[in-house]
Amino acid sequence: MKRGERALAVALVAPALVVLAAVTLFPVLRVLLLSLERRVPVFGIEEFVGLRHYRFLAGDPVFWHAAGVTVTFTVLSVALEVALGVAAALALHRLGRWRAVALGLVLLPWCLPGVVTARIWEWLYQPHVGLLSRVAGGVNWLGDPATALPALVVADVWRTSPFVALLALARLGTIPPALYEAAAVDGAGRSAVFRRVTLPLLAPVLLVAALFRTLDALRAFDLIFVLTGGGPAGATETLTIHAYRSLFGTLQLGFGSAVAVIVFALVTAAAWGYLRAVEGREAAS
Amino acid sequence: MLAACGGARAPDDAVRLVLRHSRMVGDPDPLPPLLRQFERLHPGVRVASEPLPWTADVQHQFYVINLEGRSPGFDVLMLDVIWVPEFARAGWLLDLSERWRAADRATHAPATVEAATLGGRVWAVPWVMNVGLLYYRSDLLAAHGLAPPRTYEELAAQARRVTGAGPGRGLDGFLWQGRQYEGLVVNILESFWAAGTDLLGPGGRVLPDMARARDALAFRRELLAAGVSPAMVLGADEEQTRRAFGRGGAVFLRNWPYARELFEAAGSAVRGRVGIAPLPGGGALGGAHLAVSRASRHPDLAWRLVEFLAAPPAQQAIAAATGLHPTRPALVDPALREIFAGARPRPVTPWYQTLSATLQPELSAAVAGVKSPARALADAERRLEYFLPGPR
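Residues numbered from 1 in each chain as written. Chains lettered and ligands numbered in written order. Predicted model: local features only at pLDDT ≥ 70, side-chain atom pairs only at ≥ 80, totals over all residues.

### Digging into the overall build of chain B
- Counting its regular elements, chain B contains 17 helices and eleven strands.
- Here the C-alpha atoms of chain B give a radius of gyration of 22 Å, agreeing with the 21 Å that 2.2 N^0.38 yields for 392 residues.
- Taking the principal axes of the C-alpha coordinates as reference, chain B spans close to 75 × 50 × 40 Å.
- Across the 392 residues in chain B, those meeting the buried criterion constitute 50%.
- Relative to all contacts within chain B whose residues are 6 or more apart in sequence, the contacts with residues 24 or more apart total 73%. (Helix = DSSP H or I, 4+ residues; strand = E, 2+ residues; numbered from the N terminus. Rg over C-alpha atoms; globule rule 2.2 N^0.38 Å. Buried ≥ 20, exposed ≤ 12 C-beta atoms within 10 Å, placed from the backbone. Contact = placed C-beta atoms within 7 Å.)

Take a look at the structure:
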């Protein structure tokens, strides 16, 4: 590239970079700096404490509990979403005439705003009155510390499996029929075809879908906030709910920011892990 | 210009005061007539009343955002009693110590004044009052020849006896508020008081008597484990327990005074069969205060509005229309007077929000049996020692 072209390129990209820096880089750095302070604005408390919040959190059972809840919620919901999404995609792929209609119906939960979804499930879980409580003989799903987290996972899976299904379905449509014919000639049964042909070809798409879903699940908020608010007995208190309560409930801006930074680090690490996996696949193929 | 827009509009030179308050569900709404009366007494003053959002958390957030911005747009604020020290410490409230006469102060329930005092100064005037109390089924206790309990242990023993045999057989024993929210903190605090301890000790020490606090919390857990309190208590707030007791489903209930009217209403299943008694260690103080924003441009008039709204006639008008109780025991129904006089404020500290928010999940875990009471309190203590600077 000639020097003049290079300068032009920089000039053209600059506005976008400035906007990006303003809306992403600046807040991230700001939160990072805040997390090194003890700051309670309403009382005029502003004090640099270095890594003290992080050292406190490292030995804090409440924080580790929230971290555990976050990971459990993420692993369970992403695993179920991928499994159900693939199943739905396979079923849709085999449908003929009604595929468009069925696809629309499957996608419906994904189109609803999170808070609307949460309200619907709140009704379903309502003790004694809600459908899901009544079928189970009056179980108080959201009120029992043992069932609250699984109940949240179910609601999240309902909402986001369609996303996985959509991506998987698109990939299924591009697999050449010749591959299946060849497999049939070789005498492969249905399960062998699925394991040896369909799944390996789906895998890259599923990795991407799982990446998106993991990032969302790690910072899930709306559903949990509306349905349980982190209760009962702290059983559904994820790191994001914890950060929210520290930030807005008690106005401990520095401490809450430290928790938010940890969520950020967790999300970044997960993204990095998935990208490595995707790259590994591409290098192998 | 403005005056030309509408005939009834205030003249341009009128002073406009803004009162921020949470909605009072009353029939008729008692506030507008009171404000018009104030305007007649103070010609040239117009009072606008602006309701707050519905829930306490959102109200708190509203106040914090607007007051921190230094241009609140209101002169007089209705405050939940637990916010007064926080807002005073933040510098948002006018010091009322000089304006509020000692003679009038002495007519209010002591707990209400204590709750508005920080650093020896008073920051708000009590407006409406709430206090936790014990409801019991007088018919069922009488059937066993029992007098209302004086301790929580006695309460549990009576509950077992009444639900074990006779007309109360199979009923729930003791209903209280065990959901993970502010109400749970209130219930546990009342148990702490009965056990002779508190959340904050002298000098602001967190959980000054760990052993007593642990035993009091363990006692609540035991009520649930032994079935004296049903499992629904774990997810219950005031209304859920009020309805269950109102259906005739339980012997004892801890609740606020508003439930009394509903129990005695026509068609109530427990009408004429409900007695009231003070809670063993005293009931927690609830209710609201009135304060003047330090950013108000008319502090003297704003104070006069506070004085007017908190005066006996206004408190009585509000009580008649809404069932919200006056803060002066002399104005309260004689049957409730002793209970109101024995009210105790929750810890009067600017850090109350932090205190409560930190405790809620821990207390909830303990009463649900997910964590041992000792462990839950230790975890809460560790965090509170970290969050709250000494002296508190």
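Anyway, onward from the coordinates.
### Considerations on the overall build of chain A
- Per the secondary structure count, chain A includes twelve helices and two strands.
- Along its sequence from the N terminus, chain A presents helices and strands in the succession α-β-β-α-α-α-α-α-α-α-α-α-α-α.
- Overall, the C-alpha framework of chain A stretches about 75 × 75 × 35 Å when taken along its three principal axes.
- For chain A, the residues scored as buried account for 31% of the 285 residues in total.
- The long-range share in chain A, meaning contacts at least 24 apart out of those at least 6 apart in sequence, stands at 68%.

### Quick word on the interface of chain A and chain B
- Residue-level contacts link 21 residues of chain A with 21 residues of chain B.
- Counting residues per element, the ones that place at least two in the side of chain A that touches chain B are α3 (61-94) and α11 (239-249) of chain A.
- Among the elements that make up the side of chain A that touches chain B, the one with the highest residue count is α11 of chain A (three residues).

### Digging into helix α9 (residues 190-218) of chain A
All names here are of chain A.
- Under the 1.5 Å per step criterion, the end-to-end length of α9 is only 35 Å for 29 residues, more than 12% shorter than the ideal 42 Å.
- Along α9, the positions that sit buried rather than exposed are T198, L202, A209, A210, R213, T214, A217 and L218.
- For α9, the elements touching its buried residues are α3, α7 (148-172) and α12 (253-284). (Expected span 1.5 Å × (residues − 1).)

### Some words on the domain arrangement of chain B
Residues and elements named next belong to chain B.
- The domain boundaries assigned to chain B delineate domain 1 (12-130 + 285-341) and domain 2 (133-283 + 350-387).
- Here the C-alpha centre of domain 2 lies 29 Å away from the C-alpha centre of domain 1.
- Each partner contributes to the interface: domain 1 provides twelve residues, whereas domain 2 provides eleven residues.
- For the side of domain 1 that touches domain 2, the secondary structure elements donating two or more residues are α4 (84-89) and α15 (334-341).
- Of the residues that constitute the side of domain 1 that touches domain 2, the class distribution is five nonpolar, four polar and three charged. (Domains from an automatic or database assignment. Nonpolar A, V, L, I, M, F, W, Y, C, P; charged D, E, K, R; others polar.)

### As for the nonpolar core
- Counting 171 residues, the largest nonpolar core has V84 and F252 of chain B as the members making the most contacts within it.
- The element that contributes the greatest number of residues to this core is α7 of chain A, accounting for twelve residues.
- Of the residues that make up this core, three or more belong to each of domain 1 (12-130 + 285-341) and domain 2 (133-283 + 350-387) of chain B. (Core = buried A, V, L, I, M, F, W, Y, C linked by C-beta atoms within 7 Å.)

### Focus on the sheet that holds strand β2 (residues 45-51) of chain B
Residues and elements named next belong to chain B.
- With mixed pairing, the five strands of this open sheet are ordered in space as β2-β1-β3-β11-β6. The outermost strands of the open sheet, each flanked by one partner alone, are β2 and β6 (125-131). Averaged over all pairs of adjacent strands, the angle between strand axes in this sheet comes to 15 degrees, irrespective of strand direction.
- Note that β6 and strand β11 (residues 285-292) share six bridges and pair antiparallel. Bridging from a neighbouring strand, N130 pairs with G286 of β11.
- Its contacts with the sheet place helix α13 (residues 299-310) against β1 (15-21), β2, β3 (76-80), β6 and β11, and it is angled at close to 150 degrees to β11. (Pairing = 2+ DSSP bridges. Axes fitted to C-alpha atoms, helices over the stretch in contact; angles between N-to-C directions.)

### Thoughts on the packing of α7 of chain A against α9 of chain A
Residue and element names in this part refer to chain A.
- Their axes nearest at 9 Å, the elements α7 and α9 cross at an angle of 155 degrees. One element, α7, and the other, α9, form an angle in the roughly antiparallel class. Relative to α9, the crossing made by α7 is right-handed. Here α7 contributes T160, F163, V164, L167, A168 and R171 to the contact with α9, which in turn contributes L201, L202, V205, L206, V208, A209 and R213.
- Class assignment of the residues belonging to the contact of α7 with α9 gives a composition of ten nonpolar, one polar and two charged. (Parallel < 35°, antiparallel > 145°, perpendicular 65-115°, else oblique. Left-handed = near helix turned anticlockwise from the far one by under 90°.)

### A closer look at the confidence of the model for chain B
- Per-chain confidence: chain B averages 92 in pLDDT, with 96% of residues scoring 70 or above.
- Model confidence for the complex is summarised by a pTM of 0.87, with the ipTM given as 0.81. (pLDDT = per-residue confidence, 0-100.)

### As for the pairing of strand β7 (residues 133-137) of chain B
Residues and elements named next belong to chain B.
- Of all the five residues making up β7, five are buried; the element is thus mostly covered by neighbouring parts of the structure.
- Here four bridges tie β7 to strand β9 (residues 250-255), and the two strands are oriented antiparallel to one another. Across the sheet, residue Y136 finds its bridge partner in β9, namely F252.
- With four bridges connecting them, β7 and strand β10 (residues 274-277) associate as antiparallel partners. In the strand pairing of β10, R137 is matched with V274.

### Describing unusual backbone geometry
- Phi at A233 of chain A takes a positive value of approximately 55 degrees, unusual for a residue other than glycine.
- Within the secondary structure layout, A233 of chain A lies in the loop between α10 (222-227) and α11.
- Phi is positive for L207 of chain B, close to 45 degrees, though the residue is something other than glycine.
- Its location among the elements puts L207 of chain B in the loop between α9 (182-194) and α10 (210-225).
- With 21 C-beta atoms packed within 10 Å, L207 of chain B lands in the buried category.

### Re the sheet that holds β9 of chain B
All names here are of chain B.
- If you trace the four strands from one edge of the open sheet to the other, you get β8-β9-β7-β10, paired in mixed fashion. Sheet topology places β8 (172-175) and β10 at the edges, where each strand pairs with a single neighbour. When the angles between neighbouring strand axes are averaged without regard to direction, this sheet yields 15 degrees.

### Quick notes on the environment of L51 of chain A
Residue and element names in this part refer to chain A.
- Here L51 shows up in the loop between β2 (45-48) and α2 (52-58).
- In this structure L51 comes out as exposed when scored by C-beta crowding, with 12 C-beta atoms within 10 Å.
- In this structure, the C-alpha to C-alpha distance between L51 and S35, residues 16 residues apart in sequence, is 8.0 Å.

### Looking at the environment of P278 of chain B
Residue and element names in this part refer to chain B.
- Here P278 shows up in the loop between β10 and β11.
- Residues P278 and V125, 153 residues apart in the sequence, show an inter-C-alpha distance of 25 Å.
- Those residues in contact with P278, other than ones at most four positions away along the chain, are L133, L134, G283, E338, I339 and G342.

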